[in-house]
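# Observations on chain architecture
If you want the building blocks of each chain, they are given just below.
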Amino acid sequence: AKLTDVTLTSYLKTKESGELIQKALMNNDFMKHLEHGQILTIMDCMYPTTLSKGCCVIQEGDDGSTVYVLEEGMVEVTKQGKTLCTIGPGKVFGELAILYNCTRTASVTALTDIKLWAIDRQNFQTIMMRSGVIKHSQY
Ligand code: CMP
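So, here's what we can say about the structure. Quantities reported herein were computed from a predicted structural model and do not represent experimental measurements. (Residues numbered from 1 in each chain as written. Predicted model: local features only at pLDDT ≥ 70, side-chain atom pairs only at ≥ 80, totals over all residues. Heavy atoms only, no water.)

## Let's talk about the site of the ligand
Heads up, the condition is: Throughout, near means a residue has at least one heavy atom within 4 Å of the molecule or strand. Between N or O atoms, a polar contact is any pair within 3.5 Å; within protein, one atom must be a potential hydrogen donor and the other a potential acceptor, and residues adjacent in sequence are included only when both atoms are from side chains. Note that accessible areas follow from Shrake-Rupley with a 1.4 Å probe, and for residues the cover is restricted to the protein chains shown. Secondary structure is summarised from DSSP: a helix means a run of H or I of at least four residues, a strand means a run of E of at least two, and numbering begins at the N terminus for each. In the scheme used here, Gly and all other residues not listed as nonpolar or charged are polar, with Ala, Val, Leu, Ile, Met, Phe, Trp, Tyr, Cys and Pro taken as nonpolar and Asp, Glu, Lys and Arg as charged.
By nearness alone, 13 residues border the ligand, and Gly94, Glu95, Ala97, Arg104 and Thr105 come closest of all. The backbone of Ala97 places a nitrogen or oxygen atom 2.9 Å from an oxygen atom of the ligand. At 2.7 Å from an oxygen atom of the ligand is found a side-chain nitrogen or oxygen belonging to Thr105. In the complex, 78% of the free accessible area of the ligand, which totals 460 Å², lies under the protein chains. Of all the secondary-structure elements, those providing two or more residues to the shell around the ligand are strand 5 (82–87) and helix 3 (96–100). When grouped by side-chain class, the residues that make up the shell around the ligand number 9 nonpolar, 2 polar and 2 charged.

Put into structure tokens, the structure is as follows:
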């Protein structure tokens, strides 16, 4: 779809959830340089999802299409069966495949029941590019 064809949908969230998402985005090395308006729009467009303990959220090597913020619970990041780290609430994950257009660099598994916020590639990229369009038009 063309940039102008994408309609962004916002999802209602509590003030607490909105703030957790904003902080998570601003603390992520790859997203902290986004404009504040982009952070707010990504937050607005994130939709809620839940998964049970033991579920695979991301499979290493897959084509990725979703960026997540963890709101509740814990996940484990593994690469070729080896644990890289565990991630708790208020953290972004799944951003690398979308930002770098690569396959998933690691697997992510739910260590507990988890609550996530998610945004899909097309919306994420639309938000990233729309700002570029606005900046460009100022010159
Ligand atoms: P992505 O490659 O899209 O999917 C797997 C995710 O695991 C990746 O994005 C990062 O968010 C996360 N990840 C990969 N490697 C590490 C690491 N060494 N430490 C923490 N998180 C990681």
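## Section: the pattern of salt bridges
Here is the rule we go by: By definition here, a salt bridge exists when the distance from a side-chain nitrogen of Lys or Arg to a carboxyl oxygen of Asp or Glu is within 4 Å. Three exposure classes are used, based on accessible area relative to the maximum for each residue type with a 1.4 Å probe and protein chains only: buried under 20%, partly exposed in between, and exposed over 50%.
For the coordinates displayed, the defined rule picks out 3 salt bridges. One salt bridge in this structure joins Glu19 and Lys15, with 3.4 Å as the shortest N-O distance. Linking Glu19 with Lys15, this pair stays in helix 1 (residues 15–27), spanning 4 residues, or about one helical turn. Since its relative accessible area comes to 61%, Lys15 is described here as exposed. Among the ionic pairs, Asp29 bridges to Lys32, the shortest N-O distance being 3.3 Å. Judged by relative accessible area, Lys32 falls into the partly exposed class, the value being 40%.

## Here's the deal with the sheet that holds strand 3 (residues 66–72)
Going by this rule: The pairing criterion is simple: DSSP has to find at least two bridges between the two strands. Axis geometry follows a simple rule: fit a line to the C-alpha atoms, using only the stretch in contact for helices, then measure angles between N-to-C directions, giving values from 0 to 180 degrees. The contact criterion used is simple: two residues touch if any of their non-hydrogen atoms lie within 4.5 Å.
Strand order across the open sheet formed by 4 strands is 1-8-3-6, with antiparallel pairing between neighbours. In the strand order of this sheet, the two ends are held by strand 1 (47–51) and strand 6 (91–93), each with one partner. Between one strand and the next, the sheet's axes are offset by a mean angle of 35°, whatever the strand orientation. Direction of pairing for strand 3 relative to strand 8 (residues 114–120): antiparallel, over a ladder of 6 bridges. Paired with Tyr68 across the strands is Ala118, a residue of strand 8. Together, strand 3, strand 6 and strand 8 form the strand contacts of helix 1, whose direction differs from that of strand 3 by roughly 125°.

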